[in-house]
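Here is how the chains run, residue by residue.
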Amino acid sequence: MKELIIDKYSQNQRLDKFLQKYLSGAGKSFIYKMLRKKNITLNNSKADGSEKLVMGDSVKIFFSDETLEKFTEGSLEDYYKSIYRNLDVIYENEDFIFVNKPSGLLSQKAEPNDISLNELIISHLLHNNSITYSDLKSFKPGVCNRLDRNTSGIVGAGKTLKGLQDLSKHFKDRSIGKYYVCIVKGVLKNRERVEGYLLKDNNLNKVDIKPDLTRKEIESGNYLNIITEYIPVCSNNNVTLLKVHLITGRSHQIRAHLASLGHPLLGDYKYGNKAFNESFKKIYGVKDQLLHSYELDIPESNIHIYADIPEIFKDILKGEHLWEPGIQEVLEDLH
């Protein structure tokens, strides 16, 4: 017997559609027959397939291991082969893999049919024989840090259970040095370490930043303390290239914190300046926030890596007469 607990990525779809994906090696008529005979149940009860799944639902499949493998493994292999693409792998060892994620790609699924970096990493590991399809029955590699869809740069994943647990622990206890590069509106000259408080609106997927809190806001317990350190690299009258040390890692922290200081990220339409963004979109084709996870330092694992700066950054810096030979070496040296 195989029990599947519906998670947030599988909810809000009909049971029969879910089963057709999971048992994609089986025909529809076979699936409906198994539902009628109660060889497949929903929350321990008979189902006809039209039920809409919610998070936490239990789907039990009373097949032999051989039958279940027959209807799932072949389709799984077809799926991962179909999505395979070359990844920009920065560093890989027995337990970890670090990839330079391009802007526009999800770190993890938001909808059941999404193809995210997580699936692409699994496809990569299958392709180079780091894992087998049999391995996926007991453990799936997974990303440990999520970047916004339109933020590029370093994403780390655990290839093994030990790797996933160790890397997740590093991110959670802040024993990792995380550095980003971004281009912001206006002129910043001095290195600063700034603090504030962040409140997230999950309905709008947006955060609000305040430098200080009232007693009522403190007592609400809804605000999270944030710490951001930024280091100006070069600037003109329009923009500044910053290296940012992300000391606390909250949702949209860099974007919202810098915007609250009057220096929103170029290309950020959620927190930024529309007229400013449109002018650079017209000249350089900027469509997304110019934020890149550039450097990761994990002293305990002796890992210190960099992700190449995207070409759109270089194009803008060259166009604004800010790009000079050796600028990447300067970025590496700034801490």
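These numbers were taken from a predicted model, which means no experiment stands behind them.

On to the pattern of salt bridges, then. If the charged atoms of two oppositely charged side chains come close together, the side chains can form a pair. For the structure on display, the rule yields 10 salt bridges. Across the pair aspartate 268 and arginine 255 runs a salt bridge whose closest N-O atoms are separated by 2.9 Å. With a gap of 13 residues between them, aspartate 268 in the loop between helix H7 (253-260) and helix H8 (274-284) and arginine 255 in helix H7 connect regions that are remote in the sequence. For arginine 255, a relative accessible area of 7% puts it in the buried group. Taken together, the shared-partner salt bridges connect Asp148, Arg255 and Asp268 into one network.

It is worth spelling out the packing of aromatic side chains at this point. Any pair of aromatic rings gets described here by the distance separating the centres and the angle formed by the planes. Applying the stated criterion to the full structure yields 10 aromatic pairs. On the numbers, 6.3 Å between centres and 50 degrees between planes, the contact of tyrosine 91 with phenylalanine 98 is tilted. Since its relative accessible area comes to 0%, phenylalanine 98 is described here as buried. Consider the rings of tyrosine 294 and tyrosine 306, whose centres lie 5.5 Å apart with planes at 55 degrees: the pair is tilted. In this pair, tyrosine 294 sits in strand S13 (residues 291-298) while tyrosine 306 sits in strand S14 (residues 303-306), placing the two residues 12 residues apart along the sequence. The exposure class of tyrosine 294 is buried, given its relative accessible area of 1%. Chaining the aromatic ring pairs together yields one cluster made of Phe30, Phe63 and Phe71. If you follow lysine 185 out to its NZ or CZ, it ends over the ring of phenylalanine 276, 5.8 Å from the centre. Residue placement shows lysine 243 over the ring face of tyrosine 179; its charged tip is 5.0 Å from the ring centre.

To continue, consider unusual backbone geometry. If you check the backbone angles, asparagine 43 has positive phi at about 55 degrees while not being a glycine. Inspection of the secondary structure puts asparagine 43 in the loop between strand S2 (40-42) and strand S3 (58-61). Despite not being glycine, arginine 174 shows a phi value in the positive range, around 65 degrees. Along the chain, arginine 174 turns up in the loop between helix H5 (161-172) and strand S8 (177-185). By relative accessible area, which is 48% here, arginine 174 ends up partly exposed.

Take the nonpolar core next. Among the nonpolar cores identified, the biggest contains 32 residues, and Ile121, Cys182, Leu242, Val244, Ile254 and Leu258 are the most heavily contacted of them. Put simply, the parts of the chain that give this core at least two residues each are helix H3 (65-83), strand S5 (96-101), helix H4 (117-127), strand S7 (152-158), S8, strand S12 (239-246) and H7. Here this core takes six residues from H4, the largest share from any one element. Not counting the four nearest positions on each side in its chain, valine 244 is found in contact with Lys178, Tyr179, Tyr180, Cys182, Thr228, Glu229, Tyr230, Ile254 and Leu258. Counting 19 residues, the second-largest nonpolar core is a separate cluster that includes Ile6, Leu15, Ala47 and Ile61.

Burial analysis of S5 places six of its six residues in the buried class, which makes it a mostly covered element. Neither face of S5 is open: one carries Phe96, Phe98 and Asn100, the other Ile97, Val99 and Lys101, and all of them are buried. Bridge analysis of strand S4 (residues 89-92) against S5 gives three bridges, and the strand direction is antiparallel. Pairing of tyrosine 91 across the sheet is with phenylalanine 98, part of S5.

On the surface, Lys33, Arg36, Lys37, Lys38 and Lys46 cluster together to form a positively charged patch. Along the chain, arginine 36 falls in helix H2 (residues 28-36). Residue classification places arginine 36 among the exposed residues on the basis of a relative accessible area of 55%.

What counts, and at which threshold
Residues numbered from 1 in each chain as written. Predicted model: local features only at pLDDT ≥ 70, side-chain atom pairs only at ≥ 80, totals over all residues. Heavy atoms only, no water. Salt bridge = Lys/Arg side-chain N within 4 Å of Asp/Glu carboxyl O. Helix = DSSP H or I, 4+ residues; strand = E, 2+ residues; numbered from the N terminus. Buried < 20%, exposed > 50% of the residue type's maximum accessible area, 1.4 Å probe, protein only. Phe/Tyr/Trp six-rings, centres within 6.5 Å; stacked < 30°, edge-to-face > 60°. Lys NZ or Arg CZ within 6 Å of the ring centre and 35° of its normal. Core = buried A, V, L, I, M, F, W, Y, C linked by side-chain atoms within 4.5 Å. Contact = heavy atoms within 4.5 Å. Pairing = 2+ DSSP bridges. Patch = residues over 30% accessible without salt bridge, like charges linked within 9 Å, V, L, I, M, F, W, Y side chains within 5 Å. Areas by Shrake-Rupley, 256 points an atom, 1.4 Å probe, with all protein chains shown as cover. Lys, Arg positive; Asp, Glu negative; His and termini not counted. Charge placed at Lys NZ, Arg CZ, Asp CG, Glu CD.

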